[in-house]
Amino acid sequence: MDIEANKKININDIGNFEVSYSLSLPEDYKQFLLKYNGGEPNKYLFKDEKLGTLVLNVLYGIDIEDSYDELNNVIKTYKERIHSSFIPIGDDPGGNQFVLGIKGKFKDKVYLWDHNTELENDEFSETELPGNMYLLSNSFDEFINSLEEDKEA
């Protein structure tokens, strides 16, 4: 993957992040954070049969200077809007979030969270995907490896 990476972090930074949110990140996502710590991918198009072509604007990083793309800040921003079974890991240019499942049957999978049709947190079911979320891939690696170049740019 070709990506304009953020500053490097180490396994202790990731461990501290996991402890602070009482979660366990998937191994493939941890490896991505260790190598790139988020950033702007050169391949940023994700094609989905139902949703069409999605644009990945940025992947969030841990402890970076840009507060809009800093993972801790983004989680705090969306804490009351995105259910605790998910964490935002990136966004599109329109404000939709690419989220990673961190609990239950959603764990390790990547979804799109559509802010235009967001639900109240109290409408969430632990067994059904919210109506404003769409499964994109069964793992972070699968998601990253599905990204394509914009040949028209």
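A short tour of the structure in this document, coming up. (Residues numbered from 1 in each chain as written. Predicted model: local features only at pLDDT ≥ 70, side-chain atom pairs only at ≥ 80, totals over all residues. Heavy atoms only, no water.)

### Comments concerning the layout of surface pockets
The criterion, for reference: With a 1 Å grid laid over protein atoms only, a set of points is called a cavity when a 1.4 Å probe fits there but cannot get out and a pocket when it is open yet has protein on both sides within 12 Å along at least five of seven lines; lining residues have an atom within 4 Å of a point. Grid points are joined across faces, edges and corners, and a volume is the space filled by probe spheres set on the points. Under the scheme used here, helices are H or I runs from DSSP no shorter than 4 residues and strands are E runs no shorter than 2 residues, and both carry numbers assigned from the N terminus. Classification convention: Asp, Glu, Lys, Arg as charged; Ala, Val, Leu, Ile, Met, Phe, Trp, Tyr, Cys, Pro as nonpolar; all other residues, Gly among them, as polar.
Its boundaries defined by the atoms lining it, the largest pocket holds a volume of some 250 Å³. In terms of lining residues, the largest pocket is bounded by 15 residues, among which Tyr-21, Ile-75, Lys-79, Ser-84 and Phe-86 are the most central. Elements that contribute at least two residues to the lining of the largest pocket include exactly α3 (71-78) and β6 (86-91). It is β6 that contributes the most residues to the lining of the largest pocket, 3 residues altogether. Split by residue class, the lining of the largest pocket holds 9 nonpolar, 4 polar and 2 charged.

### Considerations on a negative patch on the surface
For the record, the criterion: For patches, a residue must show more than 30% relative accessible area and have no salt bridge; joins then use 9 Å for like charges and 5 Å for nonpolar side chains, namely Val, Leu, Ile, Met, Phe, Trp and Tyr. Using a 1.4 Å probe, accessible areas were evaluated by the Shrake-Rupley method; residue-level cover was limited to the displayed protein chains. Only one rule defines a salt bridge in this text: a Lys or Arg side-chain nitrogen within 4 Å of an Asp or Glu carboxyl oxygen. Asp and Glu count as negative and Lys and Arg as positive, but His and the ends of the chain are not part of the count. Lys charges are placed at NZ, Arg charges at CZ, Asp charges at CG and Glu charges at CD.
Among the surface-exposed residues, Glu-4, Glu-40, Glu-65 and Asp-66 lie close enough to one another that they form a single negatively charged patch. Topologically, Asp-66 is positioned in the loop between β5 (58-59) and α3.

### Considerations on the packing of aromatic side chains
Let me state the cut-off plainly: Stacked, edge-to-face and tilted labels apply to pairs of Phe, Tyr and Trp rings (six-membered ring for Trp) whose centres lie within 6.5 Å, assigned for plane angles under 30 degrees, over 60, and everything in between, in that order.
Taken as a whole, this structure holds 11 aromatic pairs when the rule is applied. An angle of 35 degrees between the planes, with centres 5.4 Å apart, marks the rings of Phe-46 and Phe-143 as tilted. Separated by 97 residues along the polypeptide, Phe-46 in strand β3 (residues 45-48) and Phe-143 in helix α4 (residues 140-146) bring together distant segments of the chain. Between Phe-86 and Tyr-111, the ring centres sit 5.4 Å apart and the planes meet at 85 degrees, which makes this aromatic pair edge-to-face. Pair noted here: Phe-86 is in strand β6 and Tyr-111 is in strand β8 (residues 110-113), with a separation of 25 residues, a long-range link.

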